[in-house]
Amino acid sequence: DTAVSQTPKYLVTQMGNDKSIKCEQNLGHDTMYWYKQDSKKFLKIMFSYNNKELIINETVPNRFSPKSPDKAHLNLHINSLELGDSAVYFCASSSLAGEQYFGPGTRLTVT
Amino acid sequence: GIQVEQSPPDLILQEGANSTLRCNFSDSVNNLQWFHQNPWGQLINLFYIPSGTKQNGRLSATTVATERYSLLYISSSQTTDSGVYFCAVGPWGANNLFFGTGTRLTVIP
């Protein structure tokens, strides 16, 4: 009965490849997010979706594209992967009250 | 964006000791959360506390929104409390969270 799940947990790939990370929440929340945690453990918002509409798009490269087929899913697609994209990517969702719940993270390593 | 500062950056405690972690933020907020990132990388929700005081077992938190700070108290620390504690705030009119740089806690037996 995992609340926010992500797949895969680990992803190792070569520069230039395209990859996707999937996220699903079963909490009935309307808003979902992608955060990036860098090697220094700093967490920063990348995208937010409210009921399938993008409402935040922080200054991330356009190689990153979020896609939300329905309000329970928010996937992250990354084109032309670069070494600097190596990080842990967290999906989260929130209720109307705003409390956010995070998935287990996907550790992406680009070689 | 809103600035979030956490102190201390690192903390080493003997098992059984108490500690206070602080979070200062630069603007008014309608969301404040404390998280524990365990050694396996999971972000565990500790408190949703935009104002007031809450307690959960050995942990408690207080947010004084008018003075723009929050405190996390850990009593009788255990080795399983080790990890990084993050404060994250959400400004009015926005849904996303801005994270502090964390406090790395190490509890030694």
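Let me begin by describing the structure that accompanies this report.

What counts and how
Residues numbered from 1 in each chain as written. Chains lettered and ligands numbered in written order. Predicted model: local features only at pLDDT ≥ 70, side-chain atom pairs only at ≥ 80, totals over all residues. Heavy atoms only, no water. Phe/Tyr/Trp six-rings, centres within 6.5 Å; stacked < 30°, edge-to-face > 60°. Helix = DSSP H or I, 4+ residues; strand = E, 2+ residues; numbered from the N terminus. Buried < 20%, exposed > 50% of the residue type's maximum accessible area, 1.4 Å probe, protein only. Lys NZ or Arg CZ within 6 Å of the ring centre and 35° of its normal. Core = buried A, V, L, I, M, F, W, Y, C linked by side-chain atoms within 4.5 Å. Contact = heavy atoms within 4.5 Å. Buried area = accessible area lost by both parts, 1.4 Å probe. Salt bridge = Lys/Arg side-chain N within 4 Å of Asp/Glu carboxyl O. Polar contact = N/O pair within 3.5 Å; in protein donor to acceptor, adjacent residues only side chain to side chain. Nonpolar A, V, L, I, M, F, W, Y, C, P; charged D, E, K, R; others polar.

Details of the packing of aromatic side chains
Then, number 1: What the rule picks out here adds up to nine aromatic pairs over all chains.
Then, number 2: With centroids separated by 6.3 Å and ring planes inclined at 75°, the aromatic side chains of Phe90(A) and Phe102(A) adopt a geometry described as edge-to-face. Of this pair, Phe90(A) sits in strand β9 (residues 87-94) while Phe102(A) sits in strand β10 (residues 100-102), and the two are twelve residues apart along the sequence. Take Phe90(A) and Phe102(A): they sit in the same class, and that class is buried.
Then, number 3: Grouped by ring-pair contacts, the aromatic residues Tyr33(A), Tyr35(A), Phe90(A), Phe102(A), Phe35(B), Phe86(B) and Phe99(B) constitute a single cluster.
Then, number 4: Directly above the ring of Tyr69(B) sits Arg22(B), whose terminal nitrogen or CZ lies 4.2 Å from the centroid.

Here's the deal with the nonpolar core
Then, number 1: Trp34(B), Leu72(B) and Val89(B) are the most contacted members of the largest nonpolar core, which has 22 residues in total.
Then, number 2: Setting aside residues up to four positions removed in sequence, Val89(B) forms contacts with Ile2(B), Val4(B), Phe25(B), Val29(B), Asn31(B), Leu32(B), Asn96(B), Leu97(B) and Phe98(B).
Then, number 3: Judged by nonpolar contacts, the second largest core, of 19 residues, contains Leu11(A), Cys23(A), Met46(A) and Cys91(A).

Focus: the interface of chain A and chain B
Then, number 1: Taken together, the contact pairs 17 residues of chain A with 16 residues of chain B.
Then, number 2: Regarding the contact of chain A and chain B, the summed buried area is about 1600 Å², with carbon and sulfur atoms giving 56% of it.
Then, number 3: Three residues, Lys41(A), Leu43(A) and Phe102(A), lead the burial of chain A against chain B; their summed loss comes to 31% of the area buried on that side.
Then, number 4: Taken together, the links from chain A to chain B amount to zero salt bridges.
Then, number 5: Across the contact surface, chain A and chain B share eight residue pairs in polar contact (both at pLDDT 80 or more).
Then, number 6: Secondary structure elements with two or more residues in the side of chain A that touches chain B: β4 (31-37), β5 (43-50), β6 (53-57) and β10 of chain A.
Then, number 7: Per element, the largest residue contribution to the side of chain A that touches chain B is four residues, and it comes from β4(A).
Then, number 8: Residue classes in the side of chain A that touches chain B are distributed as eleven nonpolar, four polar and two charged.

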